[in-house]
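Next come the chains, spelled out residue by residue.
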Amino acid sequence: MTQPVTIIMIEDDEGHARLIERNIRRSGVNNEIVSFPNGTDAMKHLFGADGSGLVQKGNALLILLDLNLPDMTGIDILKQIKENKYLKASPVVVLTTTDDSQEIKRCYELGCNVYITKPVNYENFANAIRQLGLFFSVIQVPPAAT
């Protein structure tokens, strides 16, 4: 039996976070969504008190990551996730306003699985998130290393 996937959302814009969660739900995804408004809190959750990531051992996670956070860069978070033996298999979806081609290239080089530029228009943004929710409903996510 496969373990349910927990969606970890790292998004500092409260309005975007609500919009993302609401439209993921509208697409029929009922997985637990754990939201963090900054990188520091997200990293504590992902890596645990000892910083090893062992706390996530055996958990199936899908990470939604904004690059523009108030306390650290999403690039740094992505790099640490993909270098950690317990977290590196977790899919990371970068969902950000940044559409710089160098930044996109760097994210893929570091191991992001999907890079989505947030549309500026509300309706287009909502639609993009609903489509992302449909994607979440069909992908397979491995548990963290055991």
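Criteria and cut-off values
Residues numbered from 1 in each chain as written. Predicted model: local features only at pLDDT ≥ 70, side-chain atom pairs only at ≥ 80, totals over all residues. Heavy atoms only, no water. Axes fitted to C-alpha atoms, helices over the stretch in contact; angles between N-to-C directions. Helix = DSSP H or I, 4+ residues; strand = E, 2+ residues; numbered from the N terminus. Parallel < 35°, antiparallel > 145°, perpendicular 65-115°, else oblique. Contact = heavy atoms within 4.5 Å. Nonpolar A, V, L, I, M, F, W, Y, C, P; charged D, E, K, R; others polar. Core = buried A, V, L, I, M, F, W, Y, C linked by side-chain atoms within 4.5 Å. Buried < 20%, exposed > 50% of the residue type's maximum accessible area, 1.4 Å probe, protein only. Arc of directions from axis to C-beta. Polar contact = N/O pair within 3.5 Å; in protein donor to acceptor, adjacent residues only side chain to side chain. UniProt positions renumbered as here; feature names shortened; annotations may be inferred. Salt bridge = Lys/Arg side-chain N within 4 Å of Asp/Glu carboxyl O.

Asks: How should I be thinking about the packing of helix α2 (residues 39–47) against helix α3 (residues 74–83) in this particular structure?
Replies: For any two helices packed against each other, one specifies the crossing angle of their axes together with the interaxial distance. Where α2 meets α3, the axes come as close as 11 Å, and the angle between the chain directions of the two elements is 5 degrees. It follows from the interaxial angle that α2 and α3 lie roughly parallel. Taken together, the residues of α3 that come into contact with α2 (itself represented by Gly-39, Met-43, Leu-46 and Phe-47) are Ile-77, Gln-80 and Ile-81. By residue class, the composition of the contact of α2 with α3 is five nonpolar, two polar and no charged.

Asks: Can you help me understand the nonpolar core in this one?
Replies: Nonpolar side chains in soluble globular proteins generally cluster together in the buried interior. Formed by 23 residues in total, the largest nonpolar core has its most connected members in Ile-8, Ile-10, Leu-46, Ile-63, Leu-65, Ile-81 and Cys-107. When neighbours within four sequence positions are excluded, Leu-65 is seen to be in contact with Ile-10, Gly-74, Ile-77, Leu-78, Val-92, Val-93, Val-94 and Leu-95. Counting residues in hydrophobic clusters, the runner-up holds 21 residues, among them Met-9, Ala-60, Leu-62 and Val-93.

Asks: I would appreciate a short explanation of α2 in the present structure.
Replies: Side chains that are three or four residues apart share a direction in an α-helix, a result of its 3.6 residues per turn. Within α2 the residues assigned to the buried category are Gly-39, Ala-42, Met-43, Leu-46 and Phe-47. Taken end-on, α2 shows its buried residues confined to a sector of 110 degrees, consistent with a single buried face. Residues of α2 that are buried in the fold lie against β1 (5–10), β2 (33–36), β3 (60–65) and α3. For α2, the N-terminal cap is Asn-38; the gap from its side-chain oxygen to the backbone nitrogen of Thr-40 is 3.2 Å. Among the residues trailing α2, Gly-48 stands out with phi positive, at a value near 75 degrees.

Asks: I tried to follow the UniProt feature "domain: Response regulatory" (unreviewed entry) in the protein chain on my own but got confused; where do I start?
Replies: With numbering matched to this structure, UniProt assigns "domain: Response regulatory" (unreviewed entry) to residues 6–133. Measuring from the first to the last C-alpha atom of residues 6–133 gives 13 Å, for a span that is 42% helix and 19% strand.

Asks: Would you take a moment to explain the pattern of salt bridges for this structure?
Replies: Where charged atoms from two side chains of opposite charge approach closely, those side chains can pair. Summed over all chains, the structure comprises six salt bridges. With its nearest N and O atoms 3.7 Å apart, the salt bridge here joins Arg-25 to Glu-21. Of this pair, Arg-25 and Glu-21 both sit in helix α1 (residues 14–26), four residues apart, roughly one helical turn. Relative accessible area serves as the criterion here: at 29%, Glu-21 is assigned to the partly exposed category. With its nearest N and O atoms 3.4 Å apart, the salt bridge here joins Glu-109 to Lys-105. Of this pair, Glu-109 and Lys-105 are both found in helix α4 (residues 101–110), four residues apart, which corresponds to roughly one turn of the helix. Note on Glu-109: relative accessible area 57%, which makes it exposed. What makes Lys-105 partly exposed here is its relative accessible area of 47%. Within the structure, one salt-bridge network assembled from shared partners comprises Glu-11, Asp-66 and Lys-118.

Asks: Explain α3 to me, please; I cannot follow it from the model alone.
Replies: By the burial criterion, the buried members of α3 are Gly-74, Ile-75, Ile-77, Leu-78, Ile-81 and Lys-82. Along the axis of α3, the buried residues cluster in a sector spanning 160 degrees; they form a single face.

Asks: Could you clarify how one ought to interpret the UniProt feature "modified residue: 4-aspartylphosphate" (unreviewed entry) in the protein chain in this entry?
Replies: UniProt marks Asp-66 with the feature "modified residue: 4-aspartylphosphate" (unreviewed entry), using the numbering shown here. For Asp-66, the position within the fold is in the loop between β3 and α3. Aside from chain neighbours lying at most four places away, what touches Asp-66 is Ile-10, Glu-11, Asp-12, Gly-74, Leu-95, Thr-96 and Lys-118.

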